[in-house]
2 protein chains.
Amino acid sequence: MINTVKRVLPETINGQATLPYAGPFAVQPEGRRAGAKVRFNKPHSDKVLPSIERAIDASGLRDGMTISFHHHFRNGDYVLNSVIEAIARRNIKGLTLAPSSLNDVNDAIIPFIEQGIIIAIETSGARGKLGRLMTAGKLAKPVLIRSHGGRARAIECGELHIDVAFIGAPCCDAYGNINGVEGRSACGSLGYAMVDAAYADTVVALTDNLVAHPLQQVSIPQTQVDYIVKLESIGDPKGIASGALRISRDPRELLIAEYATGIIEHSGCFKNGYSLQLGSGGASLAAAKFIKEKMIARGIVASFGIGGITAPFVSMMEEGLIETIFDVQDFDLPSIHSLKTNPRHQEMSASFYANPHNGGPIVNNLDVVILSATEIDTDFNVNVITDSNGVIMGASGGHSDAAAGANLTIVVAPLLRGRLPMILDKVNTVVTPGESVDAVVTERGIAINPRRADLMNNLQGTGLPVMSIEELQHMAYDLTGKPKPIQTSDEVVAVIEYRDGSIIDVVRKPTE
Amino acid sequence: MINTVKRVLPETINGQATLPYAGPFAVQPEGRRAGAKVRFNKPHSDKVLPSIERAIDASGLRDGMTISFHHHFRNGDYVLNSVIEAIARRNIKGLTLAPSSLNDVNDAIIPFIEQGIIIAIETSGARGKLGRLMTAGKLAKPVLIRSHGGRARAIECGELHIDVAFIGAPCCDAYGNINGVEGRSACGSLGYAMVDAAYADTVVALTDNLVAHPLQQVSIPQTQVDYIVKLESIGDPKGIASGALRISRDPRELLIAEYATGIIEHSGCFKNGYSLQLGSGGASLAAAKFIKEKMIARGIVASFGIGGITAPFVSMMEEGLIETIFDVQDFDLPSIHSLKTNPRHQEMSASFYANPHNGGPIVNNLDVVILSATEIDTDFNVNVITDSNGVIMGASGGHSDAAAGANLTIVVAPLLRGRLPMILDKVNTVVTPGESVDAVVTERGIAINPRRADLMNNLQGTGLPVMSIEELQHMAYDLTGKPKPIQTSDEVVAVIEYRDGSIIDVVRKPTE
């Protein structure tokens, strides 16, 4: 079976007929969402339990179930590892782990995978040892990779049924209202966890900051929370959020950022009321600086900014250059502080952000997005999940979501990483289809997707180094030679689900 | 069939076996919530339609379906009547009308009931001509009366399936984000409509204030809204909200308020961190004044206040006497302004407020509530829906919800209204069961529910005029004589559903 990005797929995946990707909006969904469990709780009852083990008992968790976590604590997370350890002590096995993403810190669960406590994983991505373990096919089923919007969709439509959601709660009151902006483990938005809380059969809040009822700022309501466990610490503040993220000084990143800004400026989108998403990567962040200068120079104010939020973005709002921010995740302390205190900084769920099967996520209103890539191919397909050896080391994130929604999707990457060209005939793994990518920017040149003749036209005479994607590719190949394709076996170790539930690619186990 | 408040019920209602009320927490719910319809909307698509008729066409509304509205515009509402008129022009018939409540202004729909356009009604209550029409049995089915929490439950669990929800939107952006705090028709909280928007198959927003995307304050998200219609006006601001509600000067109401405050003061609940709900009725509002004085005198701060919100309540928050407010509906302009500007004033949905079948609505955390009554009986049962002639003229509202949740439920009423005693052997219609009522306060004396020996004890030696409910009743009967019971036929014209879905009473058609 071959899909429309020319990927060969197995006819069935985990015993189910494969739905091949056929275009960003090919799937027309029907039917109804999953219905969350009806709950019941007598007035003035007590939800607080003395330990994770007791919460596991109360939740009814048993062999073969699915558990979820959120990754807002990033590399400072203690919750996921602590809960898996407690589950191991309870001798529950055969679980599917469905976190919104995984970080290096979660390498600690590897022994529990080896013991069969976790046998399957559905996530946005993974890094480090865990990524290598996945790539080696050490799980009973292929790992299922979803975008942030795709995960929200899968939960809401019932494809990903969560039996027990464990939610790290930086601030939790005694009846289960939660926010992420107060306490020593403050992480900011709880956008990914909101979806889990709304749909999981049982919701357990873990907190190191249990306060009197009720909160004065509620992100996840008491109506969705069954049990609360107070822990000494749910995370390492240093790993959760950094100080203000700063603009890169890397000349290559600055040049890429400048070119990306040039495209935006001349795209036709760059006018009062436009909207933007910028990532937290070096070139993306650097672009914020140049875009800001252009906005000031031309007297342009953006209607909204979205995404993972960083200090440069918050400053733009505070300086009146962005009217409002919708926030699904925060990367630094100024962003968390802003979410807590600035009413124009609005928290959003992953569904509001990017689920393609609701009445319209906010990515649908996006004008401009800058996204990074590990590889790009001459069809403009983008890989953000595997490295040049075919090993899982990244995350799907909101990449394909924002790309599908935005009027102008710019993908930035260096032409080379080390001795490896980043523009290939064929990316090792397609995460975002070329159809939803409008421009590729490297430090050596810019390629515009031929589908966007209008954009190509707008860039004429601007002095930007526009060329064909093949020219960019050859420039790289001239420097490094053509890279050898990765040799793989037939074994599928991961499945890349497009945001609409169709399969855009699979990862096969490398043979060397 | 007789239920535990001794009401004779038909064995079946609308062809379904009657579930008799059996205690405030007798129903242990199981299963799953309804699943909202999966939606789909391409990026940058347009949701704005030029007329209500076009929105009706787009919604797929047809004969026999159920439509919903919210009553936050109270007697200033233009939305419900305008939509029904448009439906009549489209010649659609046999609809069930399921608004969160009805007001006098909605008498205008009577011709459309007579024409068979609306054949059934599910609501919190009705007044005026509409109430009389219901009581006369002019609908094809008995009217179904639900509390605010019960309605949220019925929608969320699928008992009340809404085909098309029409939402009056004081402020709506071009992709369907809505709030109730901006614009000439500002009504404040959209708490009732939030539930409709989350579960209806199709959601139509009607607005007289269509603004650029996106809002900086979102109550109902774009993900739930299918179509937007811009109208000249969606309501009469004078009818939507009054100036600041003021404390009564009626000496009888002041005396009742003083007694109610005395009970609170000595109840054992009155301490730092307690919580309260006060209605917008005269004695309730007057109680706010006395409670406030006692709180200041004793240095007590309430953790939260809930309910329909009024200026006196907002002042208490602003003066530091209430830490935070959860708001399902606003009654006056200062409340609307506060919701818009004060982050400690939090909007809540009717489900968060009072749905008994979620993880715990905020009424579950309530210490004190003061509620009014049209009649009370010697079993402490309360009627708020029919008058002394058995005619529907009130609303269930949050009455039974708050009563069930609160530690201390105080019902206030004058001993007599005109020549009619308010304390009877048997109320004409039970809305709130006596089991969840702790004290009855009149201007002539206080009765404590015998189930609350602890409260009786706490009130000893306080000088409050505590007596038995029978003594109160006889005091009234001595003045007026025993009222004649209402004569009714067997015809059931309305069904009073308790918040958990069981049937607590029915209204039979009076024969005179």
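These figures come from a predicted structure and were not determined experimentally.

Parameters at a glance
Residues numbered from 1 in each chain as written. Chains lettered and ligands numbered in written order. Predicted model: local features only at pLDDT ≥ 70, side-chain atom pairs only at ≥ 80, totals over all residues. Heavy atoms only, no water. pLDDT = per-residue confidence, 0-100. Domains from an automatic or database assignment. Buried area = accessible area lost by both parts, 1.4 Å probe. Salt bridge = Lys/Arg side-chain N within 4 Å of Asp/Glu carboxyl O. Polar contact = N/O pair within 3.5 Å; in protein donor to acceptor, adjacent residues only side chain to side chain. Helix = DSSP H or I, 4+ residues; strand = E, 2+ residues; numbered from the N terminus. Nonpolar A, V, L, I, M, F, W, Y, C, P; charged D, E, K, R; others polar. Least-squares fit on C-alpha atoms with pLDDT ≥ 70 in both. Contact = heavy atoms within 4.5 Å. Buried < 20%, exposed > 50% of the residue type's maximum accessible area, 1.4 Å probe, protein only. Core = buried A, V, L, I, M, F, W, Y, C linked by side-chain atoms within 4.5 Å. Pairing = 2+ DSSP bridges. Axes fitted to C-alpha atoms, helices over the stretch in contact; angles between N-to-C directions. Parallel < 35°, antiparallel > 145°, perpendicular 65-115°, else oblique. Phe/Tyr/Trp six-rings, centres within 6.5 Å; stacked < 30°, edge-to-face > 60°.

Colleague: Break down the confidence of the model for chain A for me, with residues and values.
Modeller: Taken over all residues, the pLDDT of chain A has a mean of 96, while the share at 70 or more is 100%. For this predicted complex, the interface confidence comes out at an ipTM of 0.97, alongside a pTM of 0.98.

Colleague: So what's going on with the domain arrangement of chain A? Residues and values would help.
Modeller: Residue and element names in this part refer to chain A. Partitioning chain A into structural domains gives domain 1 (46-238) and domain 2 (251-486). A separation of 29 Å is found between the C-alpha centroids of domain 1 and domain 2. Summed over both sides, the interface of domain 1 with domain 2 buries roughly 2,400 Å², with 58% coming from carbon and sulfur. The tally of links between domain 1 and domain 2 comes to zero salt bridges. Counting every contact that joins domain 1 to domain 2 gives 20 residue pairs in polar contact (both at pLDDT 80 or more). The set of elements that each furnish at least two residues to the side of domain 1 that touches domain 2 consists of helix 4 (128-135), helix 5 (148-156) and helix 6 (191-199). Counting residues per element, the side of domain 1 that touches domain 2 draws most heavily on helix 5, which supplies six residues. Across the side of domain 1 that touches domain 2, the residue classes tally to eleven nonpolar, 16 polar and seven charged.

Colleague: I'd like a description of the relation of the copies chain A and chain B, backed by residues and values.
Modeller: Least-squares fitting of chain A to chain B yields an RMSD of 0.0 Å, with the transformation described by 0.0 Å of translation along the axis and a rotation of 180°. In short, the pair behaves as if placed about a two-fold rotation axis. Within chain A, the C-alpha atom positioned nearest to the axis of rotation is that of A:Gly35, 2.2 Å from it. In this assembly the copies share their binding face: 100% of the residues contributing to the interface of chain A also contribute to that of chain B.

Colleague: An account of the pattern of salt bridges is needed here, citing residue identities and associated values.
Modeller: Residue and element names in this part refer to chain A. One pass over the structure, following the stated rule, counts 48 salt bridges over all chains. We note a salt bridge from Lys6 to Asp379, for which the minimum N-O separation is 3.0 Å. You can see Lys6 sitting in the segment before strand 1 (12-13) and its partner Asp379 sitting in the loop between strand 19 (375-377) and strand 20 (382-383), a full 373 residues away along the chain. The exposed category is assigned to Lys6, whose relative accessible area is 54%. Note that Glu156 and Arg33 form a salt bridge whose closest N and O atoms lie 3.0 Å from each other. Pair noted here: Glu156 is in helix 5 and Arg33 is in the loop between strand 2 (16-17) and strand 3 (48-49), with a separation of 123 residues, a long-range link. Accessibility assignment for this pair places Glu156 and Arg33 in one class, buried. A cluster of three or more residues bridged by salt bridges with shared partners is formed by Glu122, Arg146, Arg153, Glu159 and Glu497.

Colleague: I'd like a rundown of the nonpolar core, residues and numbers included.
Modeller: Counting residues in each nonpolar core, the largest one holds 120 residues, and the members touching the most others are B:Ile67, B:Leu97 and B:Leu206. No other element matches the seven residues that helix 2 (residues 79-89) of chain B contributes to this core. Two domains share this core, each providing at least three of its residues, namely domain 1 (46-238) and domain 2 (251-486) of chain B. The residues touching B:Leu97, leaving out its near neighbours within four places in the chain, are B:Ile67, B:Phe69, B:Leu80, B:Ile84, B:Leu102, B:Ile109, B:Ile118, B:Ala120, B:Ile121 and B:Glu122. Within the second largest apolar cluster, 119 residues are counted, among which are A:Leu61, A:Ala86, A:Val204 and A:Ala354.

Colleague: Describe in detail the sheet that holds strand 18 (residues 368-372) of chain A, supporting the description with residues and values.
Modeller: Residue and element names in this part refer to chain A. An order of 17-16-15-14-18-21-25-26-27 is seen for the nine strands of this open sheet, with the pairing classed as mixed. This sheet does not close on itself; its edge strands, each paired only once, are strand 17 (345-347) and strand 27 (466-467). By the bridge criterion, two bridges tie strand 26 (residues 446-448) to strand 27 in an arrangement that is parallel. Across the sheet, residue Ala447 finds its bridge partner in strand 27, namely Met467. Those strands touched by helix 10 (residues 311-318) are strand 14 (275-278), strand 15 (302-309), strand 16 (322-330) and strand 17, and its axis lies near 155° from that of strand 16.

Colleague: So, helix 10 of chain A: which residues are in play, and what are the values?
Modeller: All names here are of chain A. Of all eight residues making up helix 10, six are buried, and the element is well covered by its neighbours. Buried within helix 10 are the following residues: Ala311, Pro312, Phe313, Val314, Met316 and Met317. Gly320 lies just past helix 10 and shows a positive phi near 85°.

Colleague: How would you sum up the packing of helix 5 (residues 148-156) of chain B against helix 6 (residues 191-199) of chain B? Please name residues and give values.
Modeller: Residues and elements named next belong to chain B. Interaxial distance between helix 5 and helix 6 falls to 10 Å at its minimum, and their mutual angle equals 5°. Of the possible angle classes, the one that applies to helix 5 and helix 6 is roughly parallel. In this structure, helix 5 uses His148, Arg151, Ala152, Ile155 and Glu156 to contact helix 6, whose residues at the interface are Tyr192, Val195, Asp196 and Tyr199. The residue inventory of the contact of helix 5 with helix 6, partitioned by class, reads five nonpolar, one polar and three charged.

Colleague: Break down the packing of aromatic side chains for me, with residues and values.
Modeller: The description of an aromatic ring pair rests on the distance of the ring centres and on the angle between the ring planes. Using the criterion set out here, one finds twelve aromatic pairs over all chains in the structure. Measuring from ring centre to ring centre gives 6.4 Å for A:Phe25 and B:Phe40, while their planes differ by 50°; the resulting arrangement is tilted. Remark: B:Phe40 occurs in the loop between strand 2 (16-17) and strand 3 (48-49) and A:Phe25 occurs in the loop between strand 2 and strand 3; the pair is interchain, linking two chains. Here the aromatic rings of A:Phe69 and A:Phe166 are separated by 5.5 Å at their centres, their planes lie at 15°, and the arrangement is stacked. Residue A:Phe69 is found in strand 4 (residues 66-69), and its partner A:Phe166 is found in strand 8 (residues 164-169); the two are separated by 97 residues along the sequence. Overall, the relative accessible area of 1% leaves A:Phe166 in the buried class. Members of the aromatic cluster, joined through ring pairs, are A:Phe304, A:Phe326 and A:Phe352.

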